[in-house]
Amino acid sequence: MEGDTLAALDWFTQGFSCAQAIVATFGIHHGLDLEHALRVAGAFGGGMARMGETCGAVTGALMVIGLVYGRIRPEDEAAKDKTYHLTHLFVDRFRARNGSILCRELLGYDISTVYGLQKARDTNLFRTLCPEYVRVSAEILQDLIREGQE
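None of the values given here were measured: they were computed from a predicted structure. (Residues numbered from 1 in each chain as written. Predicted model: local features only at pLDDT ≥ 70, side-chain atom pairs only at ≥ 80, totals over all residues. Heavy atoms only, no water.)

*Asks:* How do you make sense of helix α6 (residues 77-98) when you look at a structure like this?
*Replies:* Because each turn of an α-helix spans 3.6 residues, side chains separated by three or four positions end up pointing in the same direction. Between its terminal C-alpha atoms α6 stretches 31 Å, which fits the 32 Å expected from 22 residues at 1.5 Å a residue. Taken as a whole, α6 has its buried residues at Ala79, Thr83, Leu86, Thr87, Phe90, Val91 and Phe94. Projection of α6 onto a plane perpendicular to its axis shows the buried side chains occupying an angular sector of 140°, all on one side. Opposite the buried face of α6, by more than 90 degrees, sit the exposed residues Ala78, His88 and Ala96. In this structure, the buried residues of α6 make contact with α5 (56-69), α7 (103-107) and α10 (130-148). Positive backbone phi, at 90°, marks Gly99, one or two positions downstream of α6. (Helix = DSSP H or I, 4+ residues; strand = E, 2+ residues; numbered from the N terminus. Expected span 1.5 Å × (residues − 1). Buried < 20%, exposed > 50% of the residue type's maximum accessible area, 1.4 Å probe, protein only. Arc of directions from axis to C-beta. Contact = heavy atoms within 4.5 Å.)

Right, dumping it as structure tokens:
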């Protein structure tokens, strides 16, 4: 668990988004090459392209849950149900630890506005708060993948 958490934090501190950090860390263990992992998560940072919606650390984790457990045949309702169940568990655990899954609520500023984005930058929230959300996401995701394989 510690290794994946540190890897996710490393991707984030290199300058990749929260979503990219999670998908790059876990996606390469589950069939995605690094380039595709980074590309597919590229639009999800900042609550989906800085819209302040669902936190990228959350959407990145949900992409990984889909990658690991998602159905590949339309009739595979069991895979769909498992994916949805694990998604709900992830969101519940993330929300319990952080109070929200919405980027604008987690940061305290609406980064979809010029003012909110500047305030978040001025107060260094992307370097102080966001690494914690990446860490928590990686920890929860690691636990759920382990639990899902039992």
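From this point, the narrative continues.
*Asks:* How should I be thinking about the side chain of Gln20 in this particular structure?
*Replies:* Locating Gln20 in the fold gives a position in helix α2 (residues 18-27). On the basis of relative accessible area, Gln20 is assigned to the buried category, the value being 13%. In contact with Gln20, other than residues within four places in its own chain, are Leu38, Ala41 and Gly42.

*Asks:* In this structure, what is going on with the side chain of Thr54? I would like to understand it.
*Replies:* Position of Thr54 among the secondary structure elements: in the loop between α4 (45-48) and α5. Setting aside residues up to four positions removed in sequence, Thr54 forms contacts with Gly47, Met48, Thr59, Ile101, Leu102 and Cys103.

*Asks:* Explanation requested: the packing of aromatic side chains in the structure shown.
*Replies:* Ring pairs (aromatic) are described by centroid distance and by the angle formed between their planes. Overall, the coordinates contain 3 aromatic pairs when judged by the stated rule. Aromatic side chains Trp11 and Phe16 sit 5.5 Å apart centroid to centroid with 70° between the ring planes, which places their arrangement in the edge-to-face category. With a centroid separation of 6.2 Å and 50° between ring planes, the pair formed by Phe94 and Tyr133 is classed as tilted. Here Phe94, found in helix α6, pairs with Tyr133, found in helix α10; they are 39 residues apart in sequence, far enough to count as distant. With a relative accessible area of 9%, Tyr133 lands in the buried category. (Phe/Tyr/Trp six-rings, centres within 6.5 Å; stacked < 30°, edge-to-face > 60°.)

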